[in-house]
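Architecture and fold: a report
Letter by letter, the chains look like this.
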Amino acid sequence: MIHSLWGAGMRKVWGYLSIITATVFFGMSATLDKIMLSEMHPITIGAYTYLIAGIFLFMVRQSPLKENILDMINRTDEIESRITGRDYLLLLLTALLSTVIAPVLFLTGLGETTAVNASLLLNIEVLFIILLGYLIFRETLKFKDFLGIMLLVVGAAYLVSDGEFQSLFNNVAVSGNLLVISAAFFWSLDTVLSKFLSKKRDLILLSGIKSSVGGFLLLIIMLILGLSTALPPEMLPYALMVSIFSIGCSFILIYIAVREIGAAMVGSLFPLSSLFGAIFAFLILNEPFSAMQVVSGIVMLTGVIILYWNGMKK
């Protein structure tokens, strides 16, 4: 009994560490993507980074380290080794949702609204995930969970808007806002549906397929739109870091986190990536880190602590 409870508790810790690490990697990607945007189109960046991530994951899967890595990330007996045709169809669906449809909707909406508004509106993804998690998996949330989520959302909102919430409603195209909200919905669908695949043992294969599908489809879109296919040599190190850590490793970490702590908790912790994004921007790009950002970070970390301890008690 004690051994069972200890094992369950350690899997929860593994889940929280996985999602927090994923948010660090995603936060890092914002700074590196901003550097690449100075010379490359967003869709070109997406196509190459997803393709490189897919190649990296398949190389890892073919390496002698494969079994050691799979043993490390699979710390429960409730693992499914077999991947069915239905699983591959679901994987294709989630790839379309998270690596093609959502980014295209977001980039299009971003062109019609401000970056601040888009960042704020993307936090609606948390609400979508909670609703979908309840409808599909009957996941339960207590008052402390909602308090933690509220602190995360408020902290993230202050972080990207510097406390000027009224800017959300001034001189903004309605269509742009609706497109950003639609993108948040498709990303939330991907997070929730990933729970069906999260118990598979070979998460490296699943993540590799997901990255490759997204990369190839974005490459096709890039060619149809006649965008530049150039990848400047000086941008290659940034593309490799985004591909390996922010996409490749993060896909695996998110699968682990969804398996161990649930889609709702994963979605509620994801606004933390905006805090890490601000830290990397300060360290790498020398962007200012104001008192408001420090306060926002403290608020968000408080939300993380509340969600962590309440999740452990469950």
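Rules behind the numbers
Residues numbered from 1 in each chain as written. Predicted model: local features only at pLDDT ≥ 70, side-chain atom pairs only at ≥ 80, totals over all residues. Heavy atoms only, no water. Helix = DSSP H or I, 4+ residues; strand = E, 2+ residues; numbered from the N terminus. Buried < 20%, exposed > 50% of the residue type's maximum accessible area, 1.4 Å probe, protein only. Contact = heavy atoms within 4.5 Å. Areas by Shrake-Rupley, 256 points an atom, 1.4 Å probe, with all protein chains shown as cover. Phe/Tyr/Trp six-rings, centres within 6.5 Å; stacked < 30°, edge-to-face > 60°. Lys NZ or Arg CZ within 6 Å of the ring centre and 35° of its normal. Core = buried A, V, L, I, M, F, W, Y, C linked by side-chain atoms within 4.5 Å. pLDDT = per-residue confidence, 0-100. Patch = residues over 30% accessible without salt bridge, like charges linked within 9 Å, V, L, I, M, F, W, Y side chains within 5 Å. Salt bridge = Lys/Arg side-chain N within 4 Å of Asp/Glu carboxyl O. Expected span 1.5 Å × (residues − 1). Axes fitted to C-alpha atoms, helices over the stretch in contact; angles between N-to-C directions. Left-handed = near helix turned anticlockwise from the far one by under 90°. Nonpolar A, V, L, I, M, F, W, Y, C, P; charged D, E, K, R; others polar.

**Some remarks on the overall build of the chain**
When helices and strands are counted, the chain shows 13 helices and 0 strands. Mapped from its N terminus to its C terminus, the chain presents α and β elements in the order α-α-α-α-α-α-α-α-α-α-α-α-α. Considering the chain as a whole, with its 314 residues, one finds that 48% of them fall into the buried category. In the chain, of all internal contacts separated by at least 6 residues, the share reaching a separation of at least 24 is 91%. Approximately 15,100 Å² of the chain is accessible, and the part contributed by carbon and sulfur atoms is 70%.

**Considering the packing of aromatic side chains**
Scanning the model with the defined rule gives 3 aromatic pairs in all. Taken together, a centroid distance of 5.4 Å and an interplanar angle of 50 degrees make the contact between Phe25 and Phe245 tilted. Of this pair, Phe25 sits in helix α1 (residues 2-36) while Phe245 sits in helix α10 (residues 236-261), and the two are 220 residues apart along the sequence. The exposure class of Phe245 is partly exposed, given its relative accessible area of 33%. On the numbers, 6.4 Å between centres and 25 degrees between planes, the contact of Tyr50 with Phe251 is stacked. Pair noted here: Tyr50 is in helix α2 (residues 42-62) and Phe251 is in helix α10, with a separation of 201 residues, a long-range link. An identical accessibility class is assigned to Tyr50 and Phe251; each is buried. Of note, Lys210 hangs over the ring of Phe251, and the distance from its end group to the ring centre comes to 5.0 Å.

**Quick look at the nonpolar core**
Ranked by internal contacts, the top residues of the largest apolar core, which has 36 residues, are Ile19, Met36, Met40, Ile247, Ile261, Val266 and Leu269. Taken together, the elements giving at least two residues each to this core come down to α1, α2, α9 (203-224), α10, α11 (263-269) and α12 (272-284). Residue contributions to this core peak at 9 residues, all from α10. Among all residues touching Met36, those that are not within four sequence positions of it are Ile45, Thr49, Met235, Tyr238, Ala239 and Val242. Core analysis: the second largest hydrophobic core is formed by 23 residues, Trp14, Leu70, Ile129 and Leu203 among them.

**Section: the confidence of the model for the chain**
If pLDDT is low for a region, its predicted coordinates should not be looked at in detail. For the chain, per-residue confidence averages 78 on the pLDDT scale, and 79% of positions sit at 70 or higher. Ranking the elements of the chain by mean pLDDT puts helix α5 (residues 115-122) last, at 64, and α9 first, at 92.

**Considerations on the side chain of Ser18**
Positionally, Ser18 belongs in helix α1. We classify Ser18 as buried; its relative accessible area is 2%. Among residues more than four places away in sequence, those in contact with Ser18 are Leu253, Ile256 and Ala257.

**Things to note about a nonpolar patch on the surface**
Taken together, the side chains of Leu131, Leu135, Ile136 and Phe196 define a hydrophobic patch exposed on the protein surface, amounting to about 370 Å² of accessible area. On the secondary structure map, Leu135 appears in helix α6 (residues 124-137).

**Here we look at the environment of Glu234**
On the secondary structure map, Glu234 appears in the loop between α9 and α10. Judged by its relative accessible area of 41%, Glu234 falls in the partly exposed class. Between the C-alpha atom of Glu234 and that of Met36, which follows or precedes it by 198 residues, the distance is 9.2 Å.

**Details of α10**
Two residues of an α-helix separated by three or four positions point the same way, owing to the 3.6 residues in each turn. In a regular helix each residue adds 1.5 Å, so 26 residues correspond to 38 Å; α10 covers 35 Å between its end C-alpha atoms and thus fits that length. Positive backbone phi, approximately 95 degrees, marks Gly262, located one or two places after α10.

**Re the packing of α2 against α10**
Here α2 crosses α10 at 65 degrees, and the two axes come no closer than 8 Å. Our pair here, α2 against α10, has a crossing hand that is right-handed. Facing α2, whose interface residues are Tyr48, Thr49, Tyr50, Ile52, Ala53, Phe56 and Leu57, α10 presents Ala239, Leu240, Val242, Ser243, Ile244, Ile247, Gly248, Cys249, Phe251 and Ile252. Looking at the contact of α2 with α10, its residues break down into 14 nonpolar, 3 polar and no charged.

**Examining the pattern of salt bridges**
Proximity of charged atoms lets side chains of opposite charge pair with each other. Inspection of every chain in the model, using the stated rule, returns 4 salt bridges. Salt-bridge contacts for Arg61 lead to Asp202; the nearest nitrogen and oxygen are separated by 2.7 Å. Here Asp202 lies in the loop between α8 (174-193) and α9 and Arg61 lies in helix α2, a separation of 141 residues in the sequence. Arg259 is paired through a salt bridge with Glu260; the nearest N and O atoms lie 3.4 Å apart. The buried category is assigned to Arg259, whose relative accessible area is 11%. Overall, Glu260 belongs to the buried group, its relative accessible area being 10%.

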